[in-house]
Amino acid sequence: MSDTSFVFNHTVQGLFSRAFPQGVPASLKEKLRAAGVDLDKPLLPAYPIKTWSQCVALSAPVAFPNELPSVAWHKLGERMIDGYQETMIGRAMFASLRLLGPRRMLQRAKRSFRSGNNYTEVQFTDVSETEMDLWFNETDEVLRHFTAGLVMAGMRMGGAELPRVGILHTDARGVTFRASWAQKGAAARAHVGGPPA
């Protein structure tokens, strides 16, 4: 990650509007202001990646006070995508993604992330019919877990059955996630006690 890595303002706005639909608590606003994001003024066009990480780190324990930090970061990523689905643009986007299927949707991850920042790089490797490894050039610990939550919720909203995303390994340049999902219809069969896929 470089000093020229930025997150666009609509991504920042999206996080707070979806994580706190009833409004951002005043105590959190104060901490965010100290970190460089003043929610009571028009947002800047973009924010440095370090500032974005602080936004996630400060917001997660407020949204999920009873979770371990890494779990809260992950869940915050999920909540951001879940909230996006409730918007008109989000509903249309996920409706089209459902037509692609999990694999092709994941292959579009770079394009999806680049709509919200200027730095994300993604490489993917097929593991099996229902598993893929995705490498992101994400070196920040907070954002690694947050990104895992984004990917998992995106898979779910895109129609993947029983999606799972976990950190497989990290290195100095990024993080590799293992993304997996069930064969189509497996969730329904499991629910009624039918045979496995």
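Quick summary incoming for the structure in this document.

### Points about the side chain of Thr120
When you line up the elements, Thr120 lands in the loop between helix H7 (109–114) and strand E3 (122–128). On the accessibility criterion, Thr120 (3% relative accessible area) is buried. Only 2.8 Å separates the side chain of Thr120 from the side chain of Asn117, close enough to count as a polar contact. Look past the residues within four positions of Thr120 in its chain and what remains in contact with it is Lys110, Phe113, Arg114, Phe136 and Asn137.

### With respect to the sheet that holds strand E6 (residues 175–182)
Taken in spatial order, the four strands make up an open sheet running E3-E4-E6-E5, and their pairing is antiparallel. Taken across any chain shown, the strands that pair with only one partner, and hence form the sheet edges, are E3 and strand E5 (161–170). Strand after strand, the sheet turns through a mean of 20 degrees between neighbouring axes, direction not considered. Pairing between E3 and strand E4 (residues 131–136): six bridges, direction antiparallel. Bridging from a neighbouring strand, Val122 pairs with Phe136 of E4.

### As for the pairing of E5
In this sheet, E6 lies alongside E5 in antiparallel orientation, the contact comprising seven bridges. Across the sheet, Thr170 pairs through a bridge with Val175, a residue of E6. Where E5 folds back onto E6 in an antiparallel hairpin, the turn is made up of four residues.

### Overview of the nonpolar core
With 49 residues, the main nonpolar core has Leu15, Trp52, Val56, Leu76, Phe136, Phe146 and Met155 as its most contacted residues. Looking at which element gives the most residues to this core, the answer is helix H8 (residues 141–157), with 10 residues. Contacts of Leu76, omitting those with residues within four sequence positions, involve Leu15, Ala19, Val56, Ser59, Ala60, Ala63, Phe64 and Phe146.

Thresholds, definitions, all that
Residues numbered from 1 in each chain as written. Predicted model: local features only at pLDDT ≥ 70, side-chain atom pairs only at ≥ 80, totals over all residues. Heavy atoms only, no water. Helix = DSSP H or I, 4+ residues; strand = E, 2+ residues; numbered from the N terminus. Buried < 20%, exposed > 50% of the residue type's maximum accessible area, 1.4 Å probe, protein only. Polar contact = N/O pair within 3.5 Å; in protein donor to acceptor, adjacent residues only side chain to side chain. Contact = heavy atoms within 4.5 Å. Pairing = 2+ DSSP bridges. Axes fitted to C-alpha atoms, helices over the stretch in contact; angles between N-to-C directions. Core = buried A, V, L, I, M, F, W, Y, C linked by side-chain atoms within 4.5 Å.

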